[in-house]
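Here is what each chain is made of, one letter per residue.
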Amino acid sequence: MSDAPQSPAVMIPSISPRDGEVHAEVPGVTADALPAVFERARSAQRTWAATPMSDRARVIKQIHKRFLERGERFVELLTAETGKPAGEAWTAEVIGNGDLFPYWAKHAKRYLKTEKISVNPINYPGKKAFLEYVPRGVIGVIAPWNFPVAIPCRAFVPALMAGNAVVFKPSSQCPRLGELLGEVFAPELPDGLFQVVLGRGSVGSAFVDAGADFIAFTGSVGIGRRIASHCGENLVPCALELGGKDAAIVLEDCDLDRTAYGVVWGAFNNAGQNCASIERVYVVRSIAERFVARVKELTLELRDGEDFGPLTTVDQRQDVIDQVDRAREAGATVLTGGEVPDSKGFWYPATILTDVSHEMDVMTEETFGPLMPIKVVEDEEEAVRLANDCKYGLTASVWTKDRDRGLRIASQLEAGVVTVNNHGFTAAMPNAPWSGVKETGFGATNSHLALMEMVRPRFVLVDRSSRREMWWYPYNEALLTVAAALRDLALGKLGVIGKLIKGFLARFK
Ligand code: NAP
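Residues numbered from 1 in each chain as written. Predicted model: local features only at pLDDT ≥ 70, side-chain atom pairs only at ≥ 80, totals over all residues. Heavy atoms only, no water.

(A) The site of the ligand, seen in detail. Not every one of the 30 residues close to the ligand is listed here, only the nearest: A143, S172, S220, L242 and E366. The contact in question runs from an oxygen atom of the ligand to an N or O atom on the side chain of W145, over 3.2 Å. The separation between an oxygen atom of the ligand and a polar side-chain atom of S171 is 3.0 Å. Computed on the free molecule, the ligand has an accessible area of 910 Å², of which 88% lies beneath the protein chains in the complex. Put simply, the parts of the chain that give the shell around the ligand at least two residues each are helix 8 (201-205), strand 8 (214-218) and helix 10 (221-234). Residue composition of the shell around the ligand, grouped by class: 14 nonpolar, 11 polar and five charged. (Near = heavy atom within 4 Å. Polar contact = N/O pair within 3.5 Å; in protein donor to acceptor, adjacent residues only side chain to side chain. Areas by Shrake-Rupley, 256 points an atom, 1.4 Å probe, with all protein chains shown as cover. Helix = DSSP H or I, 4+ residues; strand = E, 2+ residues; numbered from the N terminus. Nonpolar A, V, L, I, M, F, W, Y, C, P; charged D, E, K, R; others polar.)

As structure tokens, then:
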């Protein structure tokens, strides 16, 4: 825990997926430390909420600078704790968050500005009203290990700009990265406003009872369900960014070479441990043979360690091994990979499967590993039908040179993000909402929609009228007459008088 009061320590090992060895141990906490953490955060938040937006923006820019200055250290630890290649660590986690800080520093004020709400002067004379956006309080951020820097930052920055405190639980797979994020954020903020709690899953599950006002969770469907249910019992709002089984639809009129490059990257970046990895490819028959051959060629060119890292955990690798074995037994052809290499660490090769059926779990269950099952379809209708026949709905992509066709298909896909001729990268755009449907969860990351989850509305009305209200006591004949007249007005039955009243309403709108 960054600087929060200590409870009996738990040592969290930092395991390198590249060799499977423990490279460091970091002290963590148990759930009993949380009430004190949240109390400190709440107290700091009161001061921060009263800090002008321009000052908050200045602090966020300072944090951005600290973040970038530590680029090399982030990359080093990302490689050490997740196994990802340096190129990927830089692009997806450091530079990939390049727009995030300046975007919120510049735009949060506009979105959170107090709004004037118009009040009907006939029904509610003499009143003025406003809508204010109030910070929720303490936001609990619980993050996974696959993008352990980029993902939590996408919650931290809007949460802080909106005037909240943040308590962050990183994945226990990435304790040193969690610590480093604490070193970047906490020193620039009021004491206790940003705290990192390193601990096991039980620490995350205690957030609600410790007093979180909102939970921003990214992780698996199973844990997401548990959090949602605990939040439901306690009426704590939450946003859940969960699993995916993203489809790529490859049409006969695509740019074949570019599509092959894009699909190979979409499937195998981060060793496939990307919530938005391409995990199903539907290619139309007329182009299938050429497409599969090119994708195979490009996959075989991937260099271990440089283009392609190991799986991050040994359990994750076992899930992939099991899925591939089951698919093979059920008749799938393994075109590349499919065998565990004889090396230290949690390596598994980029694996392409063909001859897959819609029912195999490589086509229905999240893989979260370097697996690209390719299914040949007759036409776009079949591709769309199969793509939508899935319990997840995070992202999807359509590959065609015909823009209108791409947009038409996009409008039919049951996913939170659809890209035409690209895949998955838009999570790095702070103004592009990232969300899912079905078991992928609810709520948004990025864009004003995410910011709005970090605040609650407060409607304020000021009455300067000196008259008693029509609907106050006593309920007499005059009230009934006025009510009936208002009804007639709403029905447009009051002729000239009605027109006059409408004109009056329009004038004072
Ligand atoms: P996970 O096992 O669900 O863990 C996510 C986080 O929850 C970790 O910090 C974990 O801590 C914590 N946690 C574990 N048990 C908990 C509990 N009972 N209560 C509260 N928190 C608890 O997920 P993961 O394996 O790290 O990540 C992979 C999953 O994340 C995949 O399913 C992937 O699709 C999904 N994901 C989704 C998105 C998206 O945008 N939709 C983005 C990235 C990843 P410990 O690590 O200490 O167990």
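Following the structure, the description resumes.
(B) Region of the structure containing the packing of aromatic side chains. For the structure shown, the criterion picks out 13 aromatic pairs. On the numbers, 5.5 Å between centres and 65° between planes, the contact of W145 with F368 is edge-to-face. Here F368 lies in the loop between helix 14 (361-364) and strand 14 (371-377) and W145 lies in the loop between strand 5 (138-142) and helix 6 (150-161), a separation of 223 residues in the sequence. Plain terms: the ring middles of Y473 and Y475 are 5.0 Å apart, the flat faces sit at 50° to each other, and that makes the pair tilted. Per residue, the accessibility class of Y473 equals that of Y475, and both read exposed. Among the aromatic side chains, those forming a connected cluster through ring pairs are F67, F74, F101, F156, F168, F185 and F194. Directly above the ring of Y111 sits R110, whose terminal nitrogen or CZ lies 4.6 Å from the centroid. (Phe/Tyr/Trp six-rings, centres within 6.5 Å; stacked < 30°, edge-to-face > 60°. Buried < 20%, exposed > 50% of the residue type's maximum accessible area, 1.4 Å probe, protein only. Lys NZ or Arg CZ within 6 Å of the ring centre and 35° of its normal.)

(C) A look at the packing of helix 3 (residues 71-82) against helix 4 (residues 86-94). Look at helix 3 against helix 4: their axes get within 9 Å of each other, and the N-to-C directions meet at 120°. Classed by the angle they form, the pair helix 3 and helix 4 counts as oblique. Between helix 3 and helix 4 the crossing geometry is right-handed. Contacts between helix 3 and helix 4 involve G71, E72, F74, V75, L78 and T79 from the first element and A86, A89, W90, E93 and V94 from the second. Per-class residue counts for the contact of helix 3 with helix 4 are seven nonpolar, two polar and two charged. (Axes fitted to C-alpha atoms, helices over the stretch in contact; angles between N-to-C directions. Parallel < 35°, antiparallel > 145°, perpendicular 65-115°, else oblique. Left-handed = near helix turned anticlockwise from the far one by under 90°. Contact = heavy atoms within 4.5 Å.)

(D) Looking closely at the sheet that holds strand 4 (residues 127-135). Read from one edge of the open sheet, three strands run 3-4-20, paired in antiparallel fashion. Every other strand in the sheet has two partners, leaving strand 3 (115-117) and strand 20 (455-463) as the edge strands with one partner each. Each strand of the sheet is rotated relative to its neighbour by a mean of 30°, with strand direction disregarded. In this structure, strand 4 lies alongside strand 20, joined through nine bridges in antiparallel fashion. Opposite A129, over in strand 20, you have L461 as the bridge partner. (Pairing = 2+ DSSP bridges.)

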